[in-house]
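Okay, here's what each chain looks like letter by letter:
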Amino acid sequence: MAEKPQPIVVQYCQVCGLPAEYCEFGSEFDKCKPWLIQNAPDLYPDLLQAANAKEADKVADQLQSTGISSAAAAGSSEPKQEEVKRLPGGKIKKKEKQELVIEKVVRNKRKCITTVKGLDLFGVKLSDASKKLGKKFATGASVVKGPTDKEQIDVQGDISYDIVEFITDTWPDVPETAIFFIEDGKKVPAA
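Residues numbered from 1 in each chain as written. Predicted model: local features only at pLDDT ≥ 70, side-chain atom pairs only at ≥ 80, totals over all residues. Heavy atoms only, no water.

**Description of the overall build of the protein chain**
Line of reasoning, step 1. If you tally the helices and strands in the protein chain, you get five helices and six strands.
Line of reasoning, step 2. Along the protein chain, helices and strands appear, N-terminal first, in the series α-α-α-β-β-α-β-β-α-β-β.
Line of reasoning, step 3. Relative to its 191 residues, the protein chain shows a buried fraction of 27%.
Line of reasoning, step 4. Nonlocal contacts in the protein chain, meaning residues at least 24 apart in sequence, comprise 39% of its contacts between residues at least 6 apart. (Helix = DSSP H or I, 4+ residues; strand = E, 2+ residues; numbered from the N terminus. Buried < 20%, exposed > 50% of the residue type's maximum accessible area, 1.4 Å probe, protein only. Contact = heavy atoms within 4.5 Å.)

**Here's the deal with the pairing of strand 2 (residues 111-117)**
Line of reasoning, step 1. Counting buried residues in strand 2 gives five out of seven residues, a clear majority hidden from the surface.
Line of reasoning, step 2. Pairing geometry for strand 1 (residues 100-107) and strand 2, over seven bridges, is antiparallel. Its bridge partner lying in strand 2, valine 101 is registered against lysine 117.
Line of reasoning, step 3. With antiparallel pairing between neighbouring strands as the criterion, strand 1 and strand 2 make up a hairpin whose turn holds three residues, including asparagine 108 at a positive phi of roughly 55°.
Line of reasoning, step 4. Summarising the sheet, strand 2 and strand 4 (residues 151-156) pair through five bridges and their orientation is antiparallel. Each bridged residue has a counterpart across the sheet, and for threonine 115 the counterpart in strand 4 is aspartate 154. (Pairing = 2+ DSSP bridges.)

**Section: the sheet that holds strand 3 (residues 141-145)**
Line of reasoning, step 1. As summarised here, the arrangement of the six strands in space is 3-4-2-1-5-6, forming an open sheet in which the pairing is mixed. Each having just a single partner strand, strand 3 and strand 6 (186-189) make up the two edges of the open sheet. Sheet twist, expressed as the average angle between the axes of neighbouring strands with direction ignored, equals 30°.
Line of reasoning, step 2. Sheet strands touched by helix 4 (residues 126-137): strand 3 and strand 4. Its angle to strand 4, the strand with the most contacts, is close to 10°. (Axes fitted to C-alpha atoms, helices over the stretch in contact; angles between N-to-C directions.)

**Section: the confidence of the model for the protein chain**
Line of reasoning, step 1. The predicted model of the protein chain averages 80 in pLDDT, with 82% of residues at 70 or higher.
Line of reasoning, step 2. A low-confidence stretch, residues 69-73 stays under pLDDT 50, and its non-local contacts, those more than four residues away or across chains, total zero contacts.
Line of reasoning, step 3. Overall, residues 75-82 carries pLDDT values under 50, and its contacts beyond four positions in sequence, including any with other chains, amount to zero contacts. (pLDDT = per-residue confidence, 0-100.)

**Some points on helix 4**
Line of reasoning, step 1. Along its twelve residues, helix 4 runs 16 Å from first to last C-alpha, staying within 8% of the 16 Å computed at 1.5 Å per residue.
Line of reasoning, step 2. Along helix 4, the positions that sit buried rather than exposed are Leu126, Ala129, Ser130, Leu133, Gly134 and Phe137. Seen along its axis, helix 4 keeps its buried residues to an arc of 135°; they face one direction. Helix 4 presents Lys131, Lys135 and Lys136 as exposed residues on the side facing more than 90 degrees away from its buried surface.
Line of reasoning, step 3. Buried residues belonging to helix 4 abut strand 3, strand 4 and helix 5 (162-170). (Expected span 1.5 Å × (residues − 1). Arc of directions from axis to C-beta.)

Written as structure tokens, this is what we have:
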């Protein structure tokens, strides 16, 4: 009788998130090398040989160039590097700018809609904000998903210039320097 095939255990790289066999094809292979040498030396034997040669050269150079006083100083002063959050595949996740964009959209020649984008980046709950905007300006206001699948507030009517003062008074976390208008396709600061 034939034995059942056993599942293969795949070892994933802790640096780039790819299987260890595919690290050489990723964009972070230079950063993966120390991890591969330590955790998967059988997959890349030439990396291990190169690392041993480099380490031997580095130790020889240190022995020739360092004295007793410089060795003590070198061990204490090492700058810390900040780690950047990376997604699998080596992609860097961009942090969104905290800015509030106000845009006036005209429909049916006379009717206007004022859209407020980015209020949620300042820690404001959009449903509460739309209620306050609707009560203050006596119009309809609702939270909708925009074209980029991000939520925004649509307020009926042209209230684009009155809304800046209301936002800065109601939510002091939103500075006036972070508020922008979109006029004729260009981003213009409100201040």
